[in-house]
2 protein chains.
Amino acid sequence: MSRRVTSQDVADLAGVSRTTVSFVLNDVHRFSIRPETAEKVRLAAQQLGYYPNASAKALASNQTKNIGLIISRAPQYIASDPFLPQILSGLLDALKENSQGLLLEWVEPGQQLQTYLELTRAHHIDGMILMTPRLDDPGLRALEEADIPVVLMGYIPGSSLHSVDVDNLAAAETAVSHLIKLGHRCIACITNAALPYTSATQRLDGYKIALQKAGIAFDPALVREADFDIRSGYRAMKSLLESKQKFTAVFVASDNVALGAYSALSEAGLSIPDDISIVGFDDIPMASFVSPTLTSVAVSGQEIAIESYNLLTRLMRGDLPESRSVTLPTRLIPRQSSREIGRRGKRGAEN
Amino acid sequence: MSRRVTSQDVADLAGVSRTTVSFVLNDVHRFSIRPETAEKVRLAAQQLGYYPNASAKALASNQTKNIGLIISRAPQYIASDPFLPQILSGLLDALKENSQGLLLEWVEPGQQLQTYLELTRAHHIDGMILMTPRLDDPGLRALEEADIPVVLMGYIPGSSLHSVDVDNLAAAETAVSHLIKLGHRCIACITNAALPYTSATQRLDGYKIALQKAGIAFDPALVREADFDIRSGYRAMKSLLESKQKFTAVFVASDNVALGAYSALSEAGLSIPDDISIVGFDDIPMASFVSPTLTSVAVSGQEIAIESYNLLTRLMRGDLPESRSVTLPTRLIPRQSSREIGRRGKRGAEN
DNA sequence: AGCAACTATTAACGCGCGTTAGTAATGATT
DNA sequence: AATCATTACTAACGCGCGTTAATAGTTGCT
């Protein structure tokens, strides 16, 4: 149990003061240090295997070098989320460059305020990214006034917080229009999540607008709510089928949920796209590997993560961006699961 | 920009000393405090919205209240990992009870030593869990000597570090035996990852042993290596098909990879399980929702996470468990993707 | 020589908290 | 009455580091 190596040890070995060590290792150029001295210090540090204590550094500098990713969902809802790894992938990649750490947290509905206060006031993190925020999150107000940089992954109307998101409404509209162009008129919709999640509401709105523009009446009986995971997609589709409503296509606002819908359709002996066309959302990796391959709206989780991080770092540096929100592009990727109405054929033949 | 609230403020308002505040808020019973005094302190703290500064607390107590989850993989390899969310889900759930934080890190091969040293010496975390460790990780030795609790998610032969894992070898053997019992003799294998990952090696070994016990010669030409993601499964299966080797079943040591294999088979016009039987590994949520549903070895990511965390907390408390490693059960779940050889029938008919 | 203007370095303070050693006040025991 | 134990609290130090204000050392200029 060897004693911990402190900057004093480095100073002693190098024959300088602790201050000099700090200046050298932190590249403080304001006070000039002779190159040979700096070299001596660096050598001593390396020789001793010196790593500055994170807590002490954080305390003295008032910077933890950690950012927080807060997920507004209970753990059981993230267990089967194929989108989260993409976010993490992008974030971890970006963080490494600045040698920052990522603190992962989740908040349960009802505890948001408490959690945010704890996180910001206790200063565990220098900035935070809020994933899938909820419209009814009472803690957001507190964050607006907290003196810590915050970026929302997802848009909250009326909030003064900065945000990064795709244009969910337009993307959903494009997806549904795609189905309409293929001749479909009876189009059901399964949301990606409960409606307090803005992305769910926006995508549903996009669906409605597309219908409206095509002069199709919106029918609430054709809408089901899912909640992130596959099982909920399975249930939603089953419920649609059992309702005896007629429809020839379904817009499912999440690929993961869509794959649950696949399962329900297959179980019912219905063929995609011969009987039912499906359009998903997110373009998760699996979308191009299931059978039939899933038409989807491509959203890059990595890109959202990187963009969020960039925005956050700018906020942390103090230079306010001109715009409050960054909107990322989406792209509809037609695949086998959506097809002209009435047309039948060997699946995948057109690839 | 209101000044930060410190414990001194609380002390002043309550009319006691800072020490007393500390005793009350940290439930230090060694020095008894009169109940009324304690109540005064708690009230003052609440009134001021006092949250103890995490860095200062960490520095003084030598405990960060954070544990680290280290992933031995580059970000692009985690982007499509459906198993990671399960681990995170379990871990986050367990952590909340002890109000600890989760610091997520990844290490790139070649940087392990450096990263581990930084993480432990700089004392960012109180303990660490190492996910998917590699056999050839040169940093593990250093961790054995570091005075920080470490738990490996996955077994490394010869390491003195504690570990939590499923019995990969036995599980793989069971999976392959299942195929053999169904009459298959020519069974290919696609690994879940590169062989330096022990889970990959062990599962491959299980495959070999099952063959051996059945008196089937091992043929290296029937083995392909994948690396976590779907695409690699697609490639591996494609390579198998193009090799013109004959086989009637494939053991794929990862569900995610197996779904890539599904795609390649479907593209080649082959039917599962009529032409080829498939057994996967992990039983990710999607396994029971794809078509045909995927026979798999059930491994609970949540359980692994929770067990790892329990082990870690015990190590952090200082009471060494009797055994160095915890082995979790697995269970083969037969589904539609594996079927008696030669038998043909309508897919899913037996459900 | 004398003064200013740098350059290189350090002493010393503060960040906010945990904790030990010690004090004052009260009650119990001889 | 004197001693001791117990209760209820506090003064003061240390955790390891960043940083400011001050100090010695050097060079340039008149």
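Residues numbered from 1 in each chain as written. Chains lettered and ligands numbered in written order. Predicted model: local features only at pLDDT ≥ 70, side-chain atom pairs only at ≥ 80, totals over all residues. Heavy atoms only, no water.

K.L.:
Explain the pattern of salt bridges here, please?
P.N.:
Once their charged atoms are close, side chains differing in charge can pair, the charge on each being opposite to the other. All names here are of chain A. Evaluation of the coordinates by the stated rule reveals 22 salt bridges over all chains. Between Arg42 and Glu39 there is a salt bridge, with the nearest N and O atoms lying 4.0 Å from each other. Residue Arg42 and its partner Glu39 are both found in helix α3 (residues 35-48); the two are separated by 3 residues, about one turn of the helix. Given the relative accessible area of 38%, Arg42 is considered partly exposed. (Salt bridge = Lys/Arg side-chain N within 4 Å of Asp/Glu carboxyl O. Helix = DSSP H or I, 4+ residues; strand = E, 2+ residues; numbered from the N terminus. Buried < 20%, exposed > 50% of the residue type's maximum accessible area, 1.4 Å probe, protein only.)

K.L.:
In this structure, what is going on with the sheet that holds strand β8 (residues 249-252) of chain A? I would like to understand it.
P.N.:
Residue and element names in this part refer to chain A. The 4 strands lie next to each other as β7-β6-β8-β9, forming an open sheet whose pairing is parallel. Only two strands of the sheet have a single partner each, and these edge strands are β7 (223-224) and β9 (277-279). Pairing of strand β6 (residues 187-190) with β7 involves 2 bridges; the strand directions are parallel. What sits directly across from Cys189, in β7, is Val223. Seen against the sheet, helix α9 (residues 168-181) touches β6, β8 and β9 and runs at an angle of roughly 170° to β8. (Pairing = 2+ DSSP bridges. Contact = heavy atoms within 4.5 Å. Axes fitted to C-alpha atoms, helices over the stretch in contact; angles between N-to-C directions.)

K.L.:
What is the right way to look at the environment of Glu118(A) in this model?
P.N.:
All names here are of chain A. The residue Glu118 is located in helix α7 (residues 112-121) in this model. For Glu118, a relative accessible area of 31% puts it in the partly exposed group. For the pair Glu118 and Val176, spaced 58 residues apart in the sequence, the C-alpha separation amounts to 42 Å.

K.L.:
Any chance you could explain the protein's contact with DNA strand C here in plain terms?
P.N.:
Near DNA strand C, the surroundings consist of 29 residues, among which Ser17(A), Ser7(B), Arg18(B), Asn26(B) and Tyr50(B) are the closest. Sugar and phosphate atoms constitute 52% of the interface atoms of DNA strand C, taking the interface as everything within 4 Å of the protein. Between DNA strand C and Arg34(A), the relevant distance is 3.3 Å, taken from a phosphate oxygen to a main-chain nitrogen or oxygen of the residue. The contact in question runs from a phosphate oxygen of DNA strand C to an N or O atom on the backbone of Asn53(B), over 3.2 Å. Looking at the surface near DNA strand C, the elements that each hand over two or more residues are α2 (18-25) and α4 (54-61) of chain A together with α2 (18-25) and α4 (54-61) of chain B. (Near = heavy atom within 4 Å. Polar contact = N/O pair within 3.5 Å; in protein donor to acceptor, adjacent residues only side chain to side chain.)

K.L.:
What am I meant to see in the domain arrangement of chain A here?
P.N.:
A common measure of how large an interface is: the accessible area buried when the components associate. For chain A, the assigned domains are domain 1 (7-61), domain 2 (66-166 + 301-329) and domain 3 (168-298). A C-alpha centroid distance of 59 Å is found between domain 1 of chain A and domain 3 of chain A. (Domains from an automatic or database assignment.)

K.L.:
Just to check I follow, could you spell out the sheet that holds strand β8 (residues 249-252) of chain B for this structure?
P.N.:
Where strands meet in a sheet, backbone hydrogen bonds hold them as pairs that are either parallel or antiparallel. All names here are of chain B. Spatially, 4 strands are ordered β7-β6-β8-β9 in an open sheet, and the strand pairing comes out parallel. Each edge of the sheet is formed by a strand with only one pairing partner; in this case those strands are β7 (223-224) and β9 (277-279). Strands in contact with helix α9 (residues 168-181) are β6 (187-190), β8 and β9; relative to β8, the strand with the most contacts, it is inclined by about 170°. Together, β6, β7 and β8 form the strand contacts of helix α10 (residues 198-213), whose direction differs from that of β6 by roughly 175°.

K.L.:
So what exactly am I meant to see when it comes to the packing of aromatic side chains here?
P.N.:
Here the distance between the centres and the angle between the planes together describe a pair of aromatic rings. The final tally for this structure, using the stated rule, is 12 aromatic pairs over all chains. On the basis of an interplanar angle of 65° and a centroid distance of 5.8 Å, the ring pair of Phe289(A) and Tyr234(B) is categorised as edge-to-face. Note that Phe289(A) is positioned in the loop between β9 and β10 (296-298) and Tyr234(B) in helix α11 (residues 230-242), a pairing that runs across two chains. The burial state of Phe289(A) is the same as that of Tyr234(B); both residues are buried. Arranged with centres 6.4 Å apart and planes meeting at 55°, the rings of Tyr77(B) and Phe228(B) form a pair that is tilted. Here the residue Tyr77(B) occupies a position in helix α5 (residues 75-78), and Phe228(B) occupies one in the loop between β7 and α11, the gap between them amounting to 151 residues. Given the relative accessible area of 31%, Tyr77(B) is considered partly exposed. What links up through ring pairs into an aromatic cluster is the set Tyr77(A), Tyr197(A) and Phe228(A). One Lys or Arg, Lys96(B), reaches over the ring of Trp106(A) and ends 4.6 Å from the middle of that ring. (Phe/Tyr/Trp six-rings, centres within 6.5 Å; stacked < 30°, edge-to-face > 60°. Lys NZ or Arg CZ within 6 Å of the ring centre and 35° of its normal.)

K.L.:
So what exactly am I meant to see when it comes to the confidence of the model for chain A here?
P.N.:
Regions with low pLDDT should not have their predicted coordinates read in detail. On average, residues of chain A carry a pLDDT of 93, and 97% of them reach 70 or more. Below pLDDT 50 for its whole length, residues 346-351 of chain A participates in 9 contacts with residues either more than four positions away or in separate chains. (pLDDT = per-residue confidence, 0-100.)

K.L.:
Sorry, what's going on with unusual backbone geometry here?
P.N.:
Negative phi characterises most residues that are not glycine, and trans characterises most peptide bonds. The omega torsion of the bond from Ile272(B) to Pro273(B) falls at 0°, within 30 degrees of zero and hence cis. Residue position: Pro273(B) is located in the loop between α12 (255-267) and β9. Residue Pro292(B) is reached from Ser291(B) by a cis peptide bond, and omega for that bond is -5°. Of note, the phi angle at Ser99(A) is positive, near 45°, even though the residue is not glycine. Its place among the elements puts Ser99(A) in the loop between α6 (84-97) and β2 (101-106). A positive phi angle, near 55°, is found at Asp27(B), a position not held by glycine. Inspection of the secondary structure puts Asp27(B) in the loop between α2 and α3 (35-48). Residue classification places Asp27(B) among the exposed residues on the basis of a relative accessible area of 52%.

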